[in-house]
Amino acid sequence: MEMSLPLTFAAGLLWGAAAFTIVGALTAGLVLAERKVSARIQGRVGPMHTGPHGALQTIADMIKLVMKEDVRPARADATAFRLGPLLVAVPAILSLAVIPFGAPLVMRDLNVGVLYFLAIPGVTVIGLLLAGWASYDNYSFLGGLRSSAQFISYEIPRSLTVVTVVMLAGSLSTVDVLDAQATVPYAVLLPFSFFLYCVTSLAEINRLPFDMPEAESELVAGYHTEYSGFRWALFFLAEYAGFFAAAAFGAVLFLGGGNGPLLPPIVWLAVKTAALLFIGMWIRFTLPRFRADQLMRLAWKVFLPASLANLVLAALIMRALGS
Amino acid sequence: MTESQNIEQLLFVAFGIVAAGGALFAVATRSLLRSIIALGAFLTAVAGEFYLLAADFLAVVQIFVYVGGIVVLMLFALMLSASGVRHPMAAIDRPALGAALSYVIGAGVLWGSLTTDLPSVGAGTDDAVDALGRALLGSQLWSFELIGVILLASVITALVIVRRERR
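What counts, and where the lines are drawn
Sequence positions are assigned chain by chain, starting from 1 and proceeding in written order. Labels are handed out in written order, letters beginning with A for the chains and numbers beginning with 1 for the ligands. Residues qualify for local features only when their pLDDT is at least 70, as the model is predicted, and side-chain atom pairs are given and counted only at 80 or more; totals for whole chains, interfaces and linings, by contrast, use all residues. Side-chain figures throughout are based on the complete set of non-hydrogen atoms in the structure, without hydrogens or water. Each nonpolar core is a collection of buried residues, namely Ala, Val, Leu, Ile, Met, Phe, Trp, Tyr and Cys, held together in the definition by side-chain atoms within 4.5 Å. The buried label applies to any residue whose accessible area, calculated with a 1.4 Å probe on protein chains only, is under 20% of its type's maximum; exposed applies above 50%, and partly exposed to all values in between. In this description a helix means any DSSP run of H or I spanning at least four residues, a strand means any run of E spanning at least two, and both kinds are numbered starting from the N terminus. By convention here, the domain bounds are inherited from an automatic or database domain assignment. The salt bridge criterion pairs a side-chain nitrogen of Lys or Arg with a carboxyl oxygen of Asp or Glu, the two atoms within 4 Å. Whether two residues touch is decided by their heavy atoms; if any such pair falls within 4.5 Å, the residues are in contact.

Caption draft 1: Spotlight on the nonpolar core. Core analysis: the largest hydrophobic core is formed by 89 residues, its most contacted members being A:I99, A:I126, A:L129, A:Y186, A:F254 and B:L75. Here this core gets 17 residues from one element, more than from any other, and that element is helix α11 (residues 229-254) of chain A. Both of domain 1 (1-67) and domain 2 (73-321) of chain A provide at least three residues apiece to this core. Within the second largest apolar cluster, 8 residues are counted, among which are A:Y154, A:L196, A:V199 and A:A203.

Caption draft 2: Summary view of the pattern of salt bridges. Residues and elements named next belong to chain A. Applying the stated rule across the entire model yields 4 salt bridges over all chains. Measuring nitrogen to oxygen at the nearest pair gives 3.3 Å for the salt bridge that ties E34 to R284. Of this pair, E34 sits in helix α1 (residues 5-41) while R284 is found in helix α12 (residues 265-284), placing the two residues 250 residues apart along the sequence. For R284, a relative accessible area of 24% puts it in the partly exposed group. With a shortest N-O distance of 2.9 Å, E204 and R158 are connected by a salt bridge. Of this pair, E204 sits in helix α9 (residues 191-204) while R158 sits in helix α6 (residues 138-169), placing them 46 residues apart in sequence. Each member of the pair, E204 as well as R158, is classed as buried.

Caption draft 3: The arrangement of the side chain of A:Q57 in detail. With respect to the helices, strands and loops of the structure, A:Q57 is situated in helix α2 (residues 57-67). Each residue touching A:Q57, except ones within four places of it in the same chain, is listed here: A:L32, A:R35, A:P47 and A:T50.

This is the structure:
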């Protein structure tokens, strides 16, 4: 398709705005769902007053957040303080680009899509470190260091786990991985990989039981303690965009994504993603938080060897299947 | 030349400007934190150039290893040592030797890039990943394994140094 230069850039801007809007709406929905699910688990009713059964609560919250004053600590490093939330939010949104939402609905079918999805969140770490450092506050700084240490540690077993899927599919493209699961989803062939992916993903996106960086009882709110208003909202957005991306990517890698009878692919993907998201929320309100040192020990002494063993196991399965 | 090629050329130049600007800023600024961030911008822009040169794999690996790894490591080192005030250039004993070495290396890179037949923007094969994988486990197996051994040696060295300091 040939387009003139200004038109191409306008289209690019529109795509960007659309992505941001979609992620915003997604976050609103997820936050509401999380509040309702947590209420259910804890025997409460959750938000009820704004809209029918509190359905408009998060919309109201978002309006409130955008209108709040943007406070910056006097001793904070201004540039880094502004850059932090951006570097956290942008990669989280960018990582959605390679998820195949249905046959034509993939923004970019990179032939290294799987690797791209694993690589892009790495930029987030820079944002977390900057936000923690720039805030000029002990809690923020410790939170930033902890969360990046956690991220880097869990990135390794997570990547090694995804390698098993790539080995079986024989391609790094997310669309090819999906096509390879036309008959059997990889969760059946590689159940251990699926389990490892889910656990390491929870750790990588800093969710309970692995949310040390934000442990309220010890660190107030971790790296975003000093943030307010829209910049704080960006952190929130990034967290839920990351949660959604991890679930959708898991659904594509292990549950066959949009593959399924009768219904259109996007519905199947939505159902599978929602199931994974629900499990994530369920875990959050069921398990207690780990301690920081336990978490790191778990990463290096349990998950890393386990993912290496899993790699060998996958190779053996491949041999047995004769592919 | 078609429009899409035009756009690719334009993006290539834009990324080039960001890369050059980032690199210059990284060596010119006095704040170590800013220097590292500028380095990150430079490395990201270079990844963009790789992508436009149809080296998708290289672009993603550049982000994975350099931006998500090396830059983060540098930030960690900066924050844990809390030496953000002092510029690393102040620690160089022989600036003349350093400058001379940089010029020699820079000239070598320039000479290499001018004499090598580089592909034009947008050219390249789709199975570059395949070719790279085959090369790494085929003709380049020796260098690949050697790098692995060097990395292992450096990990062990780091462990030994940490242990000695603890005693």
